[in-house]
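Descriptive analysis of the structure
One letter stands for each residue in the lines below.
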Amino acid sequence: GAGVSQTPSNKVTEKGKYVELRCDPISGHTALYWYRQSLGQGPEFLIYFQGTGAADDSGLPNDRFFAVRPEGSVSTLKIQRTERGDSAVYLCASSLWSGSPLHFGNGTRLTVT
Amino acid sequence: EDQVTQSPEALRLQEGESSSLNCSYTVSGLRGLFWYRQDPGKGPEFLFTLYSAGEEKEKERLKATLTKKESFLHITAPKPEDSATYLCAVQASAGGTSYGKLTFGQGTILTVHP
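Everything in this summary refers to the structure shown in the same document. Please read all numbers here as calculations on a predicted model, not as lab measurements. (Residues numbered from 1 in each chain as written. Chains lettered and ligands numbered in written order. Predicted model: local features only at pLDDT ≥ 70, side-chain atom pairs only at ≥ 80, totals over all residues. Heavy atoms only, no water.)

1. As for the sheet that holds strand 8 (residues 70–75) of chain B
Residue and element names in this part refer to chain B.
- Reading across the sheet, the 5 strands line up as 1-3-8-7-6 and stay open at both edges, with antiparallel pairing between neighbours. The open sheet terminates on both sides in strands that have one partner only, identified here as strand 1 (3–7) and strand 6 (56–59). Going from strand to strand, the sheet's axes swing by 15° on average, the running direction of each strand aside.
- Pairing of strand 3 (residues 19–26) with strand 8, which is carried by 6 bridges, proceeds in the antiparallel orientation. By the bridge assignment for strand 8, Asn22 is matched with Phe72. (Pairing = 2+ DSSP bridges. Helix = DSSP H or I, 4+ residues; strand = E, 2+ residues; numbered from the N terminus. Axes fitted to C-alpha atoms, helices over the stretch in contact; angles between N-to-C directions.)

2. Re the interface of chain A and chain B
- Facing the 18 residues of chain A at the interface are 20 residues of chain B.
- Together, the buried faces of chain A and chain B total about 1,500 Å²; carbon and sulfur atoms form 55% of this surface.
- For the pair chain A and chain B, the number of links is 0 salt bridges.
- On inspection of chain A and its partner chain B, the count reaches 4 residue pairs in polar contact (both at pLDDT 80 or more). (Contact = heavy atoms within 4.5 Å. Buried area = accessible area lost by both parts, 1.4 Å probe. Salt bridge = Lys/Arg side-chain N within 4 Å of Asp/Glu carboxyl O. Polar contact = N/O pair within 3.5 Å; in protein donor to acceptor, adjacent residues only side chain to side chain.)

3. Some details on the state of the cysteines
Residues and elements named next belong to chain B.
- Tallied over the entire structure, the rule returns 2 disulfides over all chains.
- Each sulfur in the disulfide pair Cys23 and Cys88 lies 1.9 Å from the other. Taking the sign of the S-S torsion, about -60° here, the bridge from Cys23 to Cys88 comes out left-handed. With Cys23 in strand 3 and Cys88 in strand 9 (residues 84–92), this residue pair connects regions lying 65 residues apart in the sequence. (Disulfide = S-S within 2.5 Å.)

4. Observations concerning the side chain of Arg69(A)
All names here are of chain A.
- Mapped onto the elements, Arg69 comes out in the loop between strand 7 (65–68) and strand 8 (75–79).
- One buried charged residue, Arg69, remains without a salt bridge, the closest side chain of opposite sign being Asp24 at 9.4 Å.
- Polar side-chain contacts of Arg69 include one of 3.3 Å to the backbone oxygen of His29.
- A distance of 2.6 Å separates a polar side-chain atom of Arg69 from the backbone oxygen of Thr30.
- Setting aside residues no more than four positions away along its own chain, Arg69 makes contact with Pro25, His29, Thr30, Ala31, Leu32, Phe49, Gln50, Gly51, Thr52, Val74 and Ser75. (Buried < 20%, exposed > 50% of the residue type's maximum accessible area, 1.4 Å probe, protein only. Lys, Arg positive; Asp, Glu negative; His and termini not counted.)

5. A short note on unusual backbone geometry
- Looking along the chain, the bond that leaves Thr7(A) and enters Pro8(A) is cis, with omega of -10°.
- If you trace the backbone, Pro8(A) turns up in the loop between strand 1 (5–7) and strand 2 (10–13).
- One non-glycine residue with positive phi stands out, namely Arg81(A), at about 45°.
- You can see Arg81(A) is positioned in the loop between strand 8 and strand 9 (88–95).
- Positive phi outside glycine occurs at Ala77(B), with the angle close to 45°.

6. Concerning the pattern of salt bridges
- Evaluated as defined, the whole model comprises 8 salt bridges over all chains.
- Between Arg64(A) and Glu83(A) there is a salt bridge, and its shortest N-O distance comes to 3.5 Å. Of this pair, Arg64(A) sits in the loop between strand 6 (53–56) and strand 7 while Glu83(A) is found in the loop between strand 8 and strand 9, placing the two residues 19 residues apart along the sequence.
- Overall, the relative accessible area of 6% leaves Arg64(A) in the buried class.
- Glu83(A) gets classed as partly exposed once you look at its relative accessible area, which sits at 39%.
- A salt bridge links Arg61(B) to Asp82(B); the nearest nitrogen and oxygen atoms lie 2.8 Å apart. Of the two residues, Arg61(B) is situated in the loop between strand 6 and strand 7 (62–66) and Asp82(B) in the loop between strand 8 and strand 9; the sequence distance between them amounts to 21 residues.
- A relative accessible area of 7% places Asp82(B) in the buried class.
- Through salt bridges with shared partners, a single ionic network connects Arg64(A), Glu83(A) and Asp86(A).

7. Some details on the nonpolar core
Residue and element names in this part refer to chain B.
- In terms of nonpolar packing, the biggest core is built from 24 residues, with Leu33, Trp35, Leu73 and Tyr86 touching the most fellow members.
- Listed by contribution, the elements that provide at least two residues to this core are strand 2 (10–14), strand 3, strand 4 (30–38), strand 5 (45–50), strand 7, strand 8, strand 9 and strand 11 (108–113).
- Beyond its immediate stretch of four places on either side in the chain, Leu73 contacts Ser19, Ser20, Leu21, Trp35, Phe48, Leu62, Lys63, Ala64 and Tyr86. (Core = buried A, V, L, I, M, F, W, Y, C linked by side-chain atoms within 4.5 Å.)

This is how it looks when you write it as structure tokens:
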């Protein structure tokens, strides 16, 4: 079956611009996660949703970052006033329920110039 | 704060040369330890979950084991297609940490030469 789909696969933006990253989870998965991965590092937790609500957003670095999952399926990660330090691969994952193994998409590579 | 340290950072093996990767962890109550494989330009791919000390899981040439302080990923007679970055992550069960949060190590880059 289809895996987790993330769009776009690459995004280049200028410092100060707004960006949206989209995630389509595996059908039937109730939990959805966002992680960020810098070169040579493991993924770093940002936020996770159980259904439509954000169950844990403790990893969001500041209030420029926001994520939504309005219908309990597709999610969008939104970054305002982007900074060069936001450059990374943003990974989305989904799982049957929170705590079951995560299935990752291939990520969106964000470059802020 | 939960911490995961993987060693070595990089490992180069000849085809057929067995070895082990280490994952040391500090967590406020372990609910689960996860191993993932990541190929360049791809997202991590789930391999195993271990829940309690003494548990072992196997898949083809890979075997994962768990103690109270660390986990090992044993690779028996590796092939070039086993080349990838292997990531370890822990899921805490205490201290108010949600089940949704995994703490990852930095990974071990494995290269297997033919």
